Amino acid sequence: MKKAQWKHLGLAFAVTPMMLLAACGDEEANTDEGTAGDSGEVNYGEEMSYKITGIEPGAGVVAASEQATEDYDSLEGWEVVTSSSGAMATALGEAIDNEEPIIVTGWSPHWKFQKYDLKYLEDPNGVFGDAETINTMVRQGLEEENPEAYTILDQFNWEPADIESIMLEVSNGTAVEDAAAAWIEENSDKVAEWTEGTETVDGTEIELAYVEWDTEVASTNVVGQVLEAQGFDVKLTPLDNAVMWSAVAGGEADGMVAAWLPGTHATQFEEYGEDVVDLGANLEGAKIGFVVPSYMDIDSIEDLSPKE
Ligand code: PBE
């Protein structure tokens, strides 16, 4: 179901030098039109006002994107405009409807790859890191004080296809509570592995922190419902990224299933890592980077042009 994101890799190396040559020779044609020169190359930067469509300011992918605008000569003069994950998705949808260029601060798993034909821009400098895991972090003392919840959180583990199916439903208008409940019902075997070896409780409180990113909304709701079915009194608390980490580190929240490592939340892990308990990956194969519609005629961050 997931699109092959690397299918353009080979092509990029062949195309890039040609495009650069073409760009040098066609400067005037490009400035006149603002769109296509004789070579057929498009000045996407100008069309996008040298703006990258970001999400919440606290997100790791935004920090990495800002880093990219500093590291890549091709992004000199570009700006990452922050907003929200929802606003980014809306902007992406509108651009695609109009076949306009857009660069978003993207991540996977995400429903956008199922709904649209998209690609990651290659990142030869490695600013966005490689494949990541999403880890579960809990507060110190949870294992002793709330062993049943600790065990369920520790055993929570699923695949990109699982979370994507929920995210897609939600993006199509289903309430996340309903999408999570339906997934749980259809995946009782998987859920049974998470609760294996635990006993039900009678209203023990458990608070999970999360950020309102599509991925985390889906995962946190699923885990919350599984805990609820085991008898817990569950509270889900949406926070800013840094606050989520500090809440678990300080024990205000019991845990979270939203730690993107090793790259995306490296700063937060460095700051709070010693004060949280890392229960390891709940999902493998996550990734962040610049994402563009496949109709855009570029493959790498280096194919963009600095602001003139
Ligand atoms: N995200 C989704 C988050 C982690 C989960 C990639 C938007 C971030 O960038 O911090």
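Before reading further, recall that the structure is shown in the block above.
What comes next is a walk through the structure. (Residues numbered from 1 in each chain as written. Predicted model: local features only at pLDDT ≥ 70, side-chain atom pairs only at ≥ 80, totals over all residues. Heavy atoms only, no water.)

### Some details on the packing of helix α10 (residues 176-186) against helix α12 (residues 214-229)
What counts, and what does not: Here an angle of 0 to 180 degrees is reported between the N-to-C directions of two axes, which are lines fitted to C-alpha atoms, with helices fitted over the stretch in contact. Helix numbering and strand numbering both begin at the N terminus, where a helix is a DSSP run of H or I of at least 4 residues and a strand a DSSP run of E of at least 2. Here the word oblique covers every angle except those under 35 degrees (roughly parallel), over 145 (roughly antiparallel) and from 65 to 115 (roughly perpendicular). If you view the pair so one helix is near and one far, a crossing is left-handed when the near helix is turned anticlockwise from the far one by less than a right angle, and right-handed when it is turned clockwise. Throughout, a contact is declared for two residues whenever any of their heavy atoms are within 4.5 Å. Gly is put with the polar residues, along with every residue not named as nonpolar or charged; the nonpolar set is Ala, Val, Leu, Ile, Met, Phe, Trp, Tyr, Cys and Pro, and the charged set is Asp, Glu, Lys and Arg.
Where α10 contacts α12, the axes come no closer than 9 Å and their chain directions differ by 60°. Considering the angle they form, α10 stands oblique to α12. You can see that α10 and α12 cross each other, and the crossing is right-handed. Residues V176, E177, A180, A181, W183 and I184 of α10 touch α12, and the partners they reach there are V217, A218, N221, V222, Q225 and V226. The residue makeup of the contact of α10 with α12, split by class, is nine nonpolar, two polar and one charged.

### As for empty space enclosed by the protein
Basically, it comes down to this: Using a grid of 1 Å spacing that covers the protein atoms alone, one calls a set of points a cavity when a 1.4 Å probe fits there but cannot get out, and a pocket when the set is open and has protein on both sides within 12 Å along at least five of seven lines; lining residues are those with an atom within 4 Å of a point. Grid points are joined across faces, edges and corners, and a volume is the space filled by probe spheres set on the points.
For the structure on display, the rule yields two cavities of 30 Å³ or more. Here the largest cavity defines a volume of roughly 90 Å³. Every residue along the wall of the largest cavity is listed here: I55, A59, G60, V61, W107, W213, T215, E216, W260, T264, H265 and I288. Looking at the lining of the largest cavity residue by residue, the classes come out as seven nonpolar, four polar and one charged.

### Remarks on the site of the ligand
Rules: One heavy atom within 4 Å of a molecule or strand is enough for the residue carrying it to be called near that molecule or strand. Polar contacts, as counted here, are pairs of nitrogen or oxygen atoms within 3.5 Å of one another; within protein the pair requires one atom able to donate a hydrogen and one able to accept it, and residues that are adjacent in sequence qualify only if both atoms are side-chain atoms. Reported accessibility uses the Shrake-Rupley method at a 1.4 Å probe radius. Residues are deemed covered only where the shown protein chains occlude them. Whether a molecule sits in a cavity or pocket is decided by its atoms, more than half of which must lie within 2 Å of the grid points.
The ligand sits among I55, A59, G60, V61, W107, W213, T215, E216, W260, T264, H265 and I288. In the model, an oxygen atom of the ligand is placed 2.7 Å from a nitrogen or oxygen of the H265 side chain. When isolated, the ligand has an accessible area of 280 Å², and the protein chains bury 100% of it. More than half of the atoms of the ligand fall within 2 Å of the grid points belonging to the largest cavity. For the shell around the ligand, the secondary structure elements donating two or more residues are α4 (60-71) and α12.

### Some remarks on α12
Worth spelling out the cut-off: For a helix, the expected span equals 1.5 Å multiplied by the residue count minus one. Type-normalised accessible area, obtained with a 1.4 Å probe on protein chains alone, sets the label of each residue: buried when under 20%, exposed when over 50%, and partly exposed for intermediate values.
In this model α12 runs 23 Å from its N-terminal to its C-terminal C-alpha over 16 residues, within 8% of the 22 Å that 1.5 Å per residue would give. Taking burial as the measure, the 16 residues of α12 include 13 buried ones, the bulk of the element. The first or second residue beyond α12 is G231, which carries a positive phi of 105°.

### Thoughts on the packing of α10 against helix α11 (residues 188-195)
Relative orientation of the contacting elements α10 and α11 amounts to 90°, with a least axis distance of 5 Å. Relative to α11, α10 is oriented roughly perpendicular. For the pair α10 and α11, the contacting residues are W183, I184, E185 and E186 in the first and S188, K190, V191 and W194 in the second. Residues belonging to the contact of α10 with α11 are distributed by class as follows: four nonpolar, one polar and three charged.

### So, the side chain of E56
Which entries qualify depends on this criterion: Within this scheme the basic residues Lys and Arg register as positive and the acidic residues Asp and Glu register as negative, but His and the chain ends are omitted. Salt bridges, as used here, are contacts in which a Lys or Arg side-chain nitrogen is within 4 Å of a carboxyl oxygen on Asp or Glu.
One can find E56 in the loop between β1 (51-53) and α4. Although E56 is buried, it makes no salt bridge; K112 carries the closest opposite charge, 11 Å away. Setting aside residues up to four positions removed in sequence, E56 forms contacts with V62, S83, S84, S85, E212 and W213.

### Description of the pattern of salt bridges
Per the counting criterion, the structure on display carries five salt bridges. Of the charged contacts in the structure, one is a salt bridge between K51 and E79, with a shortest N-O distance of 3.5 Å. One end of the pair, K51, is in strand β1; the other, E79, is in strand β2 (residues 79-81), with 28 residues separating them in the sequence. Among the ionic pairs, E145 bridges to R139, the shortest N-O distance being 3.0 Å. The class of E145 is exposed, set by a relative accessible area of 57%.

### Description of the environment of D233
Mapping D233 onto the fold places it in strand β7 (residues 233-238). You can call D233 partly exposed: its relative accessible area is 41%. Once the C-alpha coordinates of D233 and V201 are considered, the two residues, 32 residues apart in sequence, prove to be 9.3 Å apart. Residue contacts for D233: discarding those within four places in its chain leaves G203, T204, E205 and I206.

### Side note on α10
For clarity, the threshold we go by: This arc describes the spread of directions from the helix axis toward the C-beta atoms.
Turning to α10, its buried residues are V176, A179, A180, W183 and I184. Viewed along the axis of α10, the buried residues span an arc of 135°, placing them on a single side of the element. Along α10, exposed side chains directed more than 90 degrees from the buried face belong to E185 and E186. Elements in contact with the buried residues of α10: α9 (160-171), α11 and α12.

### Details of a negative patch on the surface
To keep things clear, this is the line we draw: Each patch is built from salt-bridge-free residues with over 30% relative accessible area, joining like charges within 9 Å and nonpolar side chains (Val, Leu, Ile, Met, Phe, Trp, Tyr) within 5 Å. Note that the charge is assigned to NZ on lysines, CZ on arginines, CG on aspartates and CD on glutamates.
Together, E46, E47, E100 and E308 line one region of the surface with negative charge. With respect to the helices and strands, the residue E100 is situated in the loop between α5 (85-97) and β3 (104-108).

### Some thoughts on unusual backbone geometry
The step from S108 to P109 runs through a cis peptide bond, and the omega angle for that step is 5°. Secondary-structure assignment places P109 in the loop between β3 and α6 (112-115). Geometrically, the link from L261 to P262 is a cis peptide bond, its omega value of 10° lying close to zero. The phi dihedral of Y50 is positive, around 55°, even though this residue is not glycine. Tracing the backbone through its elements, the reader meets Y50 in the loop between α3 (44-47) and β1. Its relative accessible area of 7% is what places Y50 among the buried residues.

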